[in-house]
Amino acid sequence: MDVLDLRAFGPAAVLAEVADSAAARSLAAYARAARVDAEEVVPGARTVLFDGVRDVDGLARRLADWTPDGGPERGPLVEVPVVYDGADLHDVAARWGTDVDGVVARHGEIEFVSAFCGFAPGFAYLAGLPEEHAVPRLDTPRGRVPAGSVGLAGSWCGVYPTASPGGWRLLGRTELTLWDPARYDPALLAPGTRVRFVPV
Amino acid sequence: MSGLLAVESAGALTTVQDRGRAGLAHLGVPRAGPLDRPAATLANRLVGNDPAAALLEVTWGGLALTSDTGVWIAVTGAPTPVEVAGAGRGSGRAEWLPAGGRLRLGTPVTGVRSYVAVAGGIDVEPVLGSRSTDTLAWVGPPRVQDGALLPVGAPHAPPAPLDTPRPPRPGALRVVPGPRADWFADGALDRLCAASYVVGEESNRVGLRLDGDPPERVRAEELPSEGMVLGAVQVPPGGQPVVLLADHPPTGGYPVLAVVHQDDLWQCAQLRPGDPVGFARLRGA
């Protein structure tokens, strides 16, 4: 595949497909810094959507200058204090072949990065969990997961910004406010933000 | 502020809508905004408002409210019996609602959503730069409840009672191929356009859900989450297409076979469960 595969998404949007989530973050950051002509720049798992584009050809020319940035993540770092008492902590420990302390230690070692938001306002899909630590979603989602719950699904980690139904396996909870529409930056973990979990 | 609207009855669902909340899709915030944009634009124009002014989107009628000061109002969208201060009035034109008089909307004769604009606009506090209420995550002002008091802004232009509204011309929803058309069998888009679908009960501001022939997929794997646009025709594993509307989640994990032209999206606001829906390829697409 070319570095950048551009697909029309209706007359006013372009979907750029890239190799992986890191490339998607890099392209989204590049496009924002270059102030490309798009109302929305929306990274996905391995795409970036440009919506509200007036000049599709012009956008394609601007994006042609992008090269995937293989360097370290440069977003701001947020430390998330976690009480590890989640309902699925023992289950995850068994899947990882360790005990609860082992889960806490491994989860705390990883520097995650917010790849994209979806599911709910401020719900960040955090990349960084090694593939061998991926865990399946619950077969039956819970009817209500409290705000601040920290969970895993596949190789993603996430923190529920608001109470909602959810099928992620829960490790613990944080008191941080992930989503606050009255804040200048309403989402604490906007795409590109680096995240470390700190046991309390 | 120039007065208050006192809502006696909000009906099944009434929300405040302006042009929506742009630029926050990457944080997971739906754009929102009126589902029938031409109807909302017309209502604002009739009362002398800026097209960006906030108005009420009323689902299935049933709204009743009074004004404490008297205000110009206009009702557009789904054809609905309109009563102003006890007298039957037409929709699609500016009407004076006197102080203490009641505006009452009956049940739409056809369609689903009506728009009530007041001169000066609904002046509730904006949230993240918009007065639109998103019904997916409930970002924005709260939905309008019975007993709500809604502030009205200061009018800055006289009403424009003479207008030429768009002629309502429902028809097939015109589409262009979507970014994942290659996840479907050859000719899937042509078959989508040849088939007839029926609007599902679960349709809402998030999406128009359709029952009918499932488009045939050739790629069975899960699509990694990617950004979605207004009008995208998503096909979930069950095969029943969904046309994404104003409150759609900004990202989704189902492939998009087609995208409905924005000029035809107003129809999705007015189609009722059980109504037939067809698609047609946009000429040249």
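Moving on, we come to the overall build of chain B. Of the regular secondary structure elements, chain B holds three helices and 21 strands. What you see for chain B is a C-alpha radius of gyration of 20 Å, in line with the 19 Å of a compact globule of 285 residues. If you line up chain B on its principal axes, its C-alpha atoms span 60 × 35 × 30 Å. Here chain B, with 285 residues, has 54% of them falling under the buried criterion. Put simply, 77% of the contacts in chain B that link residues at least 6 apart link residues at least 24 apart. Surface summary for chain B: the accessible area is close to 11,400 Å², and the carbon and sulfur share equals 53%. The distance from the centre of the 24 positive side-chain charges to the centre of the 28 negative ones in chain B is 4 Å.

This brings us to the sheet that holds strand E2 (residues 13-17) of chain A. Residue and element names in this part refer to chain A. Judged by pairing direction, the sheet is antiparallel, and its four strands sit side by side in the order E1-E2-E4-E3 without closing on themselves. The open sheet has two edge strands with one neighbour each: strand E1 (5-8) and strand E3 (40-43). For this sheet, the mean inter-axis angle between neighbouring strands, taken without regard to orientation, is 20°. Where E3 lies against strand E4 (residues 47-51), four bridges are found, and the strand directions are antiparallel. From the neighbouring strand, Val41 faces E4, where its bridge partner is Phe50.

Right, let's get into the nonpolar core. Residues Leu56(B), Leu103(B), Ile122(B), Val243(B) and Phe279(B) are the most contacted members of the largest nonpolar core, which totals 65 residues. At five residues, the largest contribution of residues to this core is made by helix H1 (residues 37-46) of chain B. A domain split of this core shows at least three residues from each of domain 1 (4-151) and domain 2 (173-281) of chain B. Beyond its immediate chain neighbours, meaning those up to four positions away, Leu56(B) contacts Thr14(B), Thr15(B), Val16(B), Leu63(B), Leu65(B), Ser114(B), Tyr115(B), Val116(B), Ile122(B), Val144(B) and Leu150(B). Formed by 26 residues, the second largest nonpolar core is a distinct cluster that contains Val78(A), Trp96(A), Cys157(A) and Val195(A).

With that out of the way, let us pick up the packing of helix H3 (residues 89-96) of chain A against helix H4 (residues 100-109) of chain A. Residue and element names in this part refer to chain A. It is the contact of H3 with H4, at a shortest axis distance of 8 Å, that shows an interaxial angle of 80°. For the element pair H3 / H4, the angle class is roughly perpendicular. Listed contacts from H4 to Leu89, His90, Val92, Ala93 and Trp96 of H3 are Val100, Val103 and Arg106. Here the residues of the contact of H3 with H4 sort into six nonpolar, one polar and one charged.

Turning to the packing of aromatic side chains, a few remarks are in order. Under the counting rule described, the total for this entry stands at 12 aromatic pairs over all chains. Ring geometry for Tyr125(A) versus Trp168(A): centroids 5.5 Å apart, planes at 70°, classification edge-to-face. Taken together, the residues Tyr125(A) in strand E7 (residues 124-127) and Trp168(A) in the loop between strand E11 (164-166) and strand E12 (169-173) connect sequence positions 43 residues apart. This pair shows no difference in class: Tyr125(A) is buried, exactly as Trp168(A) is. Geometrically, the ring pair formed by Tyr197(B) and Phe279(B) is edge-to-face, given 6.1 Å between the ring centres and 70° between the ring planes. Taken together, the residues span a long stretch of sequence, with Tyr197(B) in strand E13 (residues 197-199) and Phe279(B) in strand E21 (residues 279-281) at a distance of 82 residues. When its relative accessible area of 1% is taken as the criterion, Tyr197(B) is described as buried. The buried category is assigned to Phe279(B), whose relative accessible area is 2%. Three or more aromatic residues joined by ring pairs make a cluster, and in this case those are Phe116(A), Phe119(A), Phe123(A), Tyr125(A), Trp156(A), Tyr160(A) and Trp168(A).

A few words on the pattern of salt bridges. All names here are of chain A. Applying the stated criterion across every chain yields a total of 24 salt bridges over all chains. Salt-bridge contacts for Arg54 lead to Asp37; the nearest nitrogen and oxygen are separated by 3.0 Å. On the criterion of sequence distance, the pair formed by Arg54 in the loop between E4 and helix H2 (56-63) and Asp37 in the loop between helix H1 (21-33) and E3 is long-range, its members being 17 residues apart. Overall, Arg54 belongs to the exposed group, its relative accessible area being 75%.

In this section: the sheet that holds strand E9 (residues 102-105) of chain B. Residues and elements named next belong to chain B. Pairing in this open sheet of six strands is antiparallel, and the strands run E7-E6-E9-E4-E1-E11 from one edge to the other. The strands lining the two open edges of the sheet, one partner per strand, are strand E7 (87-89) and strand E11 (149-151). The average angle at which neighbouring strand axes cross in this sheet is 25°, direction not considered. As defined by bridge partners, strand E1 (residues 4-10) adjoins E11 across three bridges and the pair is classed as antiparallel. Counted as the bridge partner of Leu4 is Pro151 from E11.

The rules we used
- Residues numbered from 1 in each chain as written.
- Chains lettered and ligands numbered in written order.
- Predicted model: local features only at pLDDT ≥ 70, side-chain atom pairs only at ≥ 80, totals over all residues.
- Heavy atoms only, no water.
- Helix = DSSP H or I, 4+ residues; strand = E, 2+ residues; numbered from the N terminus.
- Rg over C-alpha atoms; globule rule 2.2 N^0.38 Å.
- Buried < 20%, exposed > 50% of the residue type's maximum accessible area, 1.4 Å probe, protein only.
- Contact = heavy atoms within 4.5 Å.
- Areas by Shrake-Rupley, 256 points an atom, 1.4 Å probe, with all protein chains shown as cover.
- Lys, Arg positive; Asp, Glu negative; His and termini not counted.
- Charge placed at Lys NZ, Arg CZ, Asp CG, Glu CD.
- Pairing = 2+ DSSP bridges.
- Axes fitted to C-alpha atoms, helices over the stretch in contact; angles between N-to-C directions.
- Core = buried A, V, L, I, M, F, W, Y, C linked by side-chain atoms within 4.5 Å.
- Domains from an automatic or database assignment.
- Parallel < 35°, antiparallel > 145°, perpendicular 65-115°, else oblique.
- Nonpolar A, V, L, I, M, F, W, Y, C, P; charged D, E, K, R; others polar.
- Phe/Tyr/Trp six-rings, centres within 6.5 Å; stacked < 30°, edge-to-face > 60°.
- Salt bridge = Lys/Arg side-chain N within 4 Å of Asp/Glu carboxyl O.

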